[in-house]
Amino acid sequence: MALSVGIVGLPNVGKSTLFNALSEKEAEAANYAFCTIDPNVGIVPVPDPRFDKLVALYGPKKVVPASVEFVDIAGLVKGASKGEGKGNAFLSNIRDADAVAHVVRCFEDENILHVDNRVDPLADIETIETELILKDLETVQKRLEKAERAAKGQDAFEKKALEVCRRLAASLNEGKPASATAPNDEDEALVIRDMFLLTNKPSFFVANVKDEQLANLDEDPLVAQVQKLGRERGVPVVVISAEIESEIMQLAESERAEFIESLGLDEPGLHKVIRTGYTTLDLITYFTAGDPEVHAWTIDRGTRAPQAAGKIHSDFERGFIRAEVMKCADLFELGSEQAVKAAGKLGIEGKDYVVQDGDIMHFRFNV
């Protein structure tokens with residue numbers, strides 16, 4: 001199952017336009033609220049020059065890039081946590097996502113309606129975050145009631161649940177996200193994880209601008225507001241023109257590079273959105289490569305070799321003996337596996353090896 005990023009924001013900020021460009025699908029996009037009622041889902045390959053070089057080097061029969069699932073969730077409005085504008089259904093869709101991309105309108109356009117009849121990125125962010133906090137508070141209060149009942153029977157785990165839920169409720173009531181409440185032990189961490197709290201998910205901002213703003217982003221006051229907030233929180237901010245990105249994806253592959261260059265860009269903004277979604281989830285990529293297949297495997301940062309092998313097949317993990325590891329940089333510099341081996345740069349790693357981003361791995365196992 002692909003790891004997923006939920007695209008959220010107010011209506012008419014460019015969410016569905018962004019999703020269409022990301023997935024090259026055609027989610028309904030219209031100039032009114034709630035045109036996207038059911039979430040649209042797209043599996044998007046992660047742009048990675050290393051993968052492209054491996055494909056060129058091996059000429060495999062099959063290629064499998066790393067991917068991230070993006071979910072386009074209909075626009076939230078004030079009161080969504082109480083069901084306004086189909087809010088409860090939308091919020092439940094966010095709950096299933098692993099991370100959140102918050103699209104923020106940073107452009108003026110009298111032809112595109114704003115639900116509050118103004119363009120104010122920080123106010124928009126506050127509206128969305130307030131609704132997510134209120135929904136989390138509702139979830140925590142339900143879990144708190146359950147813990148209160150169970151704790152009367154001297155259930156040790158539920159007593160832990162009672163304590164952490166009380167802290168969460170107090171913090172959420174102060175307008176703080178769930179991520180601001182740190183668990184004291186693994187039991188508390190489990191209680192928090194099992195609630196799938198919306199404001200406990202990793203997130204990043206996508207500042208959506210018009211094409212004419214791209215040339216002077218450093219001086220754009222609306223973009224500056226979002227970037228300042230991102231710096232204060234340590235949250236990534238990606239600036240794109242969803243409209244331009246959609247136009248790029250409608251062009252033939254052969255025409256895209258020239259169009260992108262004409263805009264003064266070094267790559268599509270979508271690539272930055274996809275990679276930011278990937279890194280926000282703290283994921284890395286290792287590769288298996290050969291004539292039959294070049295495959296990019298997605299793992300959590302810090303994964304050890306046997307568990308990485310288990311991504312391919314459980315037998316690989318169960319019968320793990322060793323991993324033969326090449327670095328992409330060495331392979332690309334030397335030109336072949338044989339040259340890497342001859343240079344003494346093929347690593348033989350055991351069960352404690354922590355897989356690094358960009359490793360090319362071959363597993364030895366026996367079951």
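Below: a short report on this structure. Remember, it's a predicted structure, so these values are computed and weren't measured experimentally.

1. Let's talk about the sheet that holds strand E4 (residues 67–72)
Moving on, step 1. Read across the sheet, 6 strands follow the order E2-E4-E1-E5-E6-E7 without closing on themselves; strand pairing throughout is mixed. Edge strands, defined here as strands with exactly one partner in the open sheet, are strand E2 (40–45) and strand E7 (237–240). When strand polarity is set aside, the average angle formed by the axes of neighbouring strands in this sheet is 25°.
Moving on, step 2. Taken together, the 4 bridges between strand E6 (residues 203–208) and E7 define a ladder with parallel strand orientation. Opposite Ala207, over in E7, you have Val239 as the bridge partner.
Moving on, step 3. Relative to strand E5 (residues 99–105), helix H4 (residues 121–151) is tilted by about 145°, and along the sheet it contacts strand E1 (4–8), E5 and E6.
Moving on, step 4. Each of E1, E2, E4, E5, E6 and E7 is contacted by helix H10 (residues 269–280), which is oriented at about 165° to E7, the strand it contacts most.

2. Thoughts on H10
Moving on, step 1. Here H10 contains 12 residues, and its C-alpha end-to-end distance of 16 Å stays within 8% of the 16 Å for a straight helix at 1.5 Å per residue.
Moving on, step 2. Asp282 sits one or two residues past H10 and shows a positive phi near 55°.

3. Topic: the side chain of Asp72
Moving on, step 1. Relative to the helices and strands, Asp72 resides in strand E4.
Moving on, step 2. One buried charged side chain, Asp72, makes no salt bridge at all; its nearest oppositely charged neighbour is Lys15, positioned 5.3 Å away.
Moving on, step 3. Within polar-contact distance, the side chain of Asp72 engages the side chain of Ser16 at 2.8 Å.

4. Concerning the nonpolar core
Moving on, step 1. Residues Val5, Leu18, Leu22, Leu54, Phe70, Cys106 and Phe204 are the most contacted members of the largest nonpolar core, which totals 63 residues.
Moving on, step 2. At 5 residues, E5 tops the list of elements feeding residues into this core.
Moving on, step 3. Setting aside residues no more than four positions away along its own chain, Val5 makes contact with Val68, Glu69, Phe70, Val71, Ala97, Ala99, Val100, Ala101, Phe204, Gly277 and Leu281.
Moving on, step 4. In terms of nonpolar packing, the next biggest core, distinct from the first, is built from 18 residues, Leu144, Leu162, Val164 and Ala178 among them.

5. Notes on the packing of H4 against helix H7 (residues 221–233)
Moving on, step 1. Closest axis-to-axis distance for the H4/H7 pair is 9 Å, and the angle between their directions is 50°. When the interaxial angle is binned, H4 and H7 end up oblique. Of H7, the residues touching H4 (which contributes Pro121, Leu122, Ile125 and Glu129) are Leu222, Gln225, Val226, Leu229 and Arg233.
Moving on, step 2. By residue class, the composition of the contact of H4 with H7 is 6 nonpolar, 1 polar and 2 charged.

6. Regarding the pattern of salt bridges
Moving on, step 1. Per the counting criterion, the structure on display carries 24 salt bridges.
Moving on, step 2. Linking Glu267 and Arg275 is a salt bridge whose minimum nitrogen-to-oxygen distance equals 2.5 Å.
Moving on, step 3. Look at Arg275 and you get partly exposed, because its relative accessible area is 30%.
Moving on, step 4. A single salt-bridge network, built from bridges that share partners, covers Asp48, Arg50 and Asp357.

What counts, and where the lines are drawn
- Residues numbered from 1 in each chain as written.
- Predicted model: local features only at pLDDT ≥ 70, side-chain atom pairs only at ≥ 80, totals over all residues.
- Heavy atoms only, no water.
- Pairing = 2+ DSSP bridges.
- Helix = DSSP H or I, 4+ residues; strand = E, 2+ residues; numbered from the N terminus.
- Axes fitted to C-alpha atoms, helices over the stretch in contact; angles between N-to-C directions.
- Contact = heavy atoms within 4.5 Å.
- Expected span 1.5 Å × (residues − 1).
- Buried < 20%, exposed > 50% of the residue type's maximum accessible area, 1.4 Å probe, protein only.
- Lys, Arg positive; Asp, Glu negative; His and termini not counted.
- Salt bridge = Lys/Arg side-chain N within 4 Å of Asp/Glu carboxyl O.
- Polar contact = N/O pair within 3.5 Å; in protein donor to acceptor, adjacent residues only side chain to side chain.
- Core = buried A, V, L, I, M, F, W, Y, C linked by side-chain atoms within 4.5 Å.
- Parallel < 35°, antiparallel > 145°, perpendicular 65-115°, else oblique.
- Nonpolar A, V, L, I, M, F, W, Y, C, P; charged D, E, K, R; others polar.

Any functional reading would require information that these geometric values do not contain.
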